Structures are given as structure tokens and as C-alpha cells.
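Each chain is listed here by its residues.
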Amino acid sequence: GPADRAVAELARALEAEAVHWTRGYDATSRRVEEQLTGRLAELGIAARSFPGFTIHEPEALRQRDGEPYRVYTPFSRAWLEHEPPERPLPVPERLRFLDPGIASETIESLALRPTTPDWAVGLRATWDACERGAEVSLERFLDGPIWSYGRARDFPGRPGVSRLSPHLAIGTISPRRTYWAARARAEALGRDFGAAWPFLRQLVWREFAWSNLFHFPDLPDRPLRPEFTRFPWQEDPAALRAWRKGRTGYPIVDAGMRELWTTGWMHNRVRMIVGSFLTKDLLIPWQEGEGWFWDTLVDADLANNAMGWQWVAGCGIDAAPYFRIFNPVLQAKKFDPDGAYVRRWVPELAKLPNDWIHEPWAAPPLVLEEAGVRLGATYPRPIGRASCRERV
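Residues numbered from 1 in each chain as written. Predicted model: local features only at pLDDT ≥ 70, side-chain atom pairs only at ≥ 80, totals over all residues. Heavy atoms only, no water.

1. Here we look at the overall build of the chain
Assigned secondary structure in the chain consists of 17 helices and two strands. Taking 2.2 N^0.38 as the reference for a compact globule, 392 residues should give roughly 21 Å; the C-alpha atoms of the chain span a radius of gyration of 23 Å, in line with that estimate. By its C-alpha atoms, the chain is 80 × 50 × 50 Å across when sized along the principal axes. Looking at the 392 residues of the chain, the share that counts as buried comes to 44%. Across the chain, every contact between residues at least 6 apart in sequence was considered, and the portion connecting residues at least 24 apart equals 74%. (Helix = DSSP H or I, 4+ residues; strand = E, 2+ residues; numbered from the N terminus. Rg over C-alpha atoms; globule rule 2.2 N^0.38 Å. Buried < 20%, exposed > 50% of the residue type's maximum accessible area, 1.4 Å probe, protein only. Contact = heavy atoms within 4.5 Å.)

Written out as C-alpha cells, the structure reads:
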């Protein structure tokens, strides 16, 4: 049932003295928590909420005039100047659970797993969606990749990122735990903690997004720059369908969209490329991309998703210059130089040489023939209103 009613009824049945929870910062969570607090008060049960989803709460960081930050760099400086988070408490040696004897649903009875067609095969093969999986990902990252993150994070074909975002989104690990684990590992290795800053910036970016959503609740639906409400976006169902399916004819875009559908995740550099392609090349509204990401990402995060799409569309906070366009060919050549990422997710192009893997339409006919590529048949020709080669 509705969270406020169900939790209050359970608390009464258990004769609980208090209900504790981790605060949410989106409008829906805040409304539910307010309603729950009222129901608990009527029952004489204490309501206690705590920070935890972010390291610093959104209302804790403001400009001197009291206004929220609208640019990332000053926000990040304020974040660093703020008191560091408290260390997490150690794992309890034992926990005592109640056996309330209250009838409840089972996980199986909810029928959450897909049956036919089973579209979650790739998700199950990719993710261990529990606290254990989060800890394994964290340890793997701290064992090496974190120290080269600043150099490696932009290359989707290499294992240079943490892959912690799904766990942070669903709560199987906390940002505070992540922060202190990185700090402890730096101390143990005798490293300057500043070496972890390129990665920690991503935690700050996440908190910048939640600050935006907290102060601007319409972030997922409306452009923060009001002039963009009049932007002449285009309706193009065929192009949108091709983008979703990874059939645009631009290999780096198609690789990203196929990775997303198969695994529920996409490398951040590629997210910017596919987002720019949808909004700047196809002129399709950013809300279409935001909605597709929300439905398909295992790390779907209301604030990050909304702010990221407004950023790439040029209509949100910290979005200057609004006219920036990511050239998918130049981006691919720079960040996937050997074509490893494209070859993995667009296998029909795997036999193309490096010189042509990112722009097969420009390859000589003999090269295409030797690679078994037939444009318009085995792989689509590029879609869009203008050649991306004209883009900067």
C-alpha cells in the first residue's frame, strides 16, 4: 500500500516506539515523509529521519546570499570546505530481529522477474545487485583503477571506472562509506588523498544534482532556462526508435545504446555522446532521452538523470555553452581509438580496420566488402539532418 499508511500500520502492529529512515530529497519522497510523520504522530510514535543518501545535505551548501549554487565549480569548492562526513560505524557483531508474525507478501509473489521474453539476461549476468556486489566493486576499484581514474575514465573500452553508480542509486552502498574507504586506502598506501579527487568529484557531481533537484523540483520535467520552453524540438518517431535500438548508423552511438539495453548501464563519456546526438543532431526533446534512460538504467537516479540531460541539451544549470555539440566520430576516435568498445557492442563492424570503424560510410567499397559490411543491409546508413562531419 501507500508507504505512509503501510509503514504506520506496521509500526503500530509492532508496538514500535519510533520509526527511523534515511531522508529523501525529491518532492515525492518529501511529501511521503511528511505524511508519514503526521500519521506516526497521531499514533504517538516518534518519527526520526537522518541524512545518508548524500554526504552533505542539499540545504547545507548555499551561496553567501542564501541562494543555491547554479554552477558546479563553486559548489565543489564549498563541498570541499565543508566538514568531512563522519566515519561510518563498524558492522554490528550481532543483530536481533523481530519475528512479528504479521502476514506479508513474499518477493516471489510480486512476480518482478521477466518471463517471456526474458529481457533481463544481460542485467543478471552483469550485476550482483546486493551489498556484497557493491563491496566487490568497491574493492576492485580501490585495488588500482581509482589511482588512474583521471586518465582512464573517458575510455569506454577500458576498465577504468568504478561501476558503483547502481549501488549508490539503490542504496547497497552509501557515499559516506565510499568516501571513507577511498581515504583509508590512500592512508594505507601512503598516497596523497588528493590522488582520489578525480573520482570523488563524481560523488560531488551527484550531490550537485541532488541540490538542484531539491531546490528546483521541476528539474525532471521543465528546462531550468525558461527560454528553452520555446525551443523548436522535432517529433521524429522513426529517428527516436533508431536511437533507442542502436540503429543510427553512427557506431559509437549505437554501441552505447546497445550496451544500455543489454546491461542496463552505459559509460558516462558515451552517455554524453548519445545525449548530444539525440538533442543536438536529431533535435528530439531531451525529455525523451531522460525517459528512456529512466526506464533502462540500473543506476537510474532522478536527480543525476534530469540534470545530465538538461546539461547535454544546454537548457539547465552549468550548461554553457548551450550550443556545444559532441561530434560522435571525433569523440569515438579520441576515446575509443582502437575500436574495442564499438567492436564489442556492434559486432557486425568488428572486422573493419581502425581507420574506418568509427565512420563506415566513408570506407572504400573494397574495405567494406572484406569486412562483410553492407551499408543499409548488415548495418544502417547514418540518420540525421546533417552529417556529423560538419560538427565541431
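Next, the rest of the story.
2. Structural notes on helix α14 (residues 302–313)
Taking 1.5 Å per residue, twelve residues should reach 16 Å; α14 reaches 17 Å between its end C-alpha atoms and fits that length. The element α14 is extensively covered by neighbouring structure, given that nine of its twelve residues are classed as buried. Within the span of α14, buried status applies to Ala-303, Asn-305, Ala-306, Met-307, Trp-309, Gln-310, Trp-311, Val-312 and Ala-313. Against the buried residues of α14 lie α9 (197–215), α10 (237–245), α12 (268–281) and α13 (286–296). Looking one or two residues beyond α14, the residue adopting positive phi is Gly-314, at roughly 85°. (Expected span 1.5 Å × (residues − 1).)

3. Side note on the packing of helix α3 (residues 72–81) against α9
Running from N to C, α3 and α9 cross one another at 110°; their axes reach a closest spacing of 10 Å. With respect to their mutual orientation, α3 and α9 come out roughly perpendicular. Packed against α3, whose contacting residues are Tyr-72, Phe-75, Ser-76, Trp-79 and Leu-80, the element α9 presents Trp-197, Arg-201, Val-204, Trp-205, Glu-207, Phe-208 and Ser-211 at the interface. Here the contact of α3 with α9 is built from residues that sort into eight nonpolar, two polar and two charged. (Axes fitted to C-alpha atoms, helices over the stretch in contact; angles between N-to-C directions. Parallel < 35°, antiparallel > 145°, perpendicular 65-115°, else oblique. Nonpolar A, V, L, I, M, F, W, Y, C, P; charged D, E, K, R; others polar.)

4. A closer look at the pattern of salt bridges
Under the counting rule described, the total for this entry stands at 15 salt bridges. Where Arg-5 meets Glu-9, a salt bridge forms, and the shortest distance between an N and an O atom there is 3.9 Å. Placement of both Arg-5 and Glu-9 in helix α1 (residues 3–13) is noted, with a separation of four residues, approximately one turn of the helix. On the basis of relative accessibility, which here comes to 37%, the residue Arg-5 falls in the partly exposed class. In this structure Glu-9 comes out as partly exposed when scored by relative accessible area, which is 40%. Between Arg-185 and Asp-143 there is a salt bridge; the shortest N-O distance is 3.0 Å. With Arg-185 in helix α8 (residues 175–189) and Asp-143 in the loop between α5 (131–142) and α6 (149–152), the pair connects residues that are 42 residues apart, well separated along the chain. Arg-185 gets classed as buried once you look at its relative accessible area, which sits at 17%. (Salt bridge = Lys/Arg side-chain N within 4 Å of Asp/Glu carboxyl O.)

5. Looking at the confidence of the model for the chain
When pLDDT is averaged across the chain, the result is 93; 97% of the residues are at 70 or more. Averaged over each element, pLDDT in the chain is lowest for helix α4 (residues 121–126) (92) and highest for helix α16 (residues 340–345) (98). Within the model, the stretch residues 386–392 combines pLDDT values under 50 with 19 contacts to residues more than four positions away or in other chains. (pLDDT = per-residue confidence, 0-100.)

6. Topic: the nonpolar core
Trp-243, Val-253 and Phe-293 are the most contacted members of the largest nonpolar core, which totals 46 residues. If you list the elements that add at least two residues to this core, you get α10, α11 (251–263), α12, α13, α14, α15 (328–335), α16 and α17 (365–371). Looking at this core element by element, the count peaks at six residues for α12. Once residues lying within four places of it in the same chain are set aside, the contact partners of Phe-293 are Trp-243, Leu-260, Met-266, Arg-271, Val-274, Ala-300, Asn-305 and Trp-309. Core analysis: the second largest hydrophobic core is formed by 43 residues, Ala-78, Trp-127, Tyr-149 and Leu-164 among them. (Core = buried A, V, L, I, M, F, W, Y, C linked by side-chain atoms within 4.5 Å.)

7. A short note on the environment of Pro-337
By the secondary structure assignment, Pro-337 is in the loop between α15 and α16. Owing to a relative accessible area of 38%, Pro-337 belongs among the partly exposed residues under this scheme. Excluding its chain neighbours within four sequence positions, the residues that come into contact with Pro-337 are Phe-155, Arg-158, Ala-332 and Asn-354.

8. Topic: the packing of aromatic side chains
Applying the stated criterion to the full structure yields 26 aromatic pairs. Consider the rings of Tyr-25 and Phe-214, whose centres lie 6.4 Å apart with planes at 75°: the pair is edge-to-face. Remark: Phe-214 occurs in helix α9 and Tyr-25 occurs in the loop between β1 (18–22) and α2 (27–42); sequence separation between them is 189 residues. Of the residues examined, Tyr-25 reaches a relative accessible area of 2% and is grouped as buried. Residue Phe-214 is classed as buried on the basis of its relative accessible area of 16%. (Phe/Tyr/Trp six-rings, centres within 6.5 Å; stacked < 30°, edge-to-face > 60°.)

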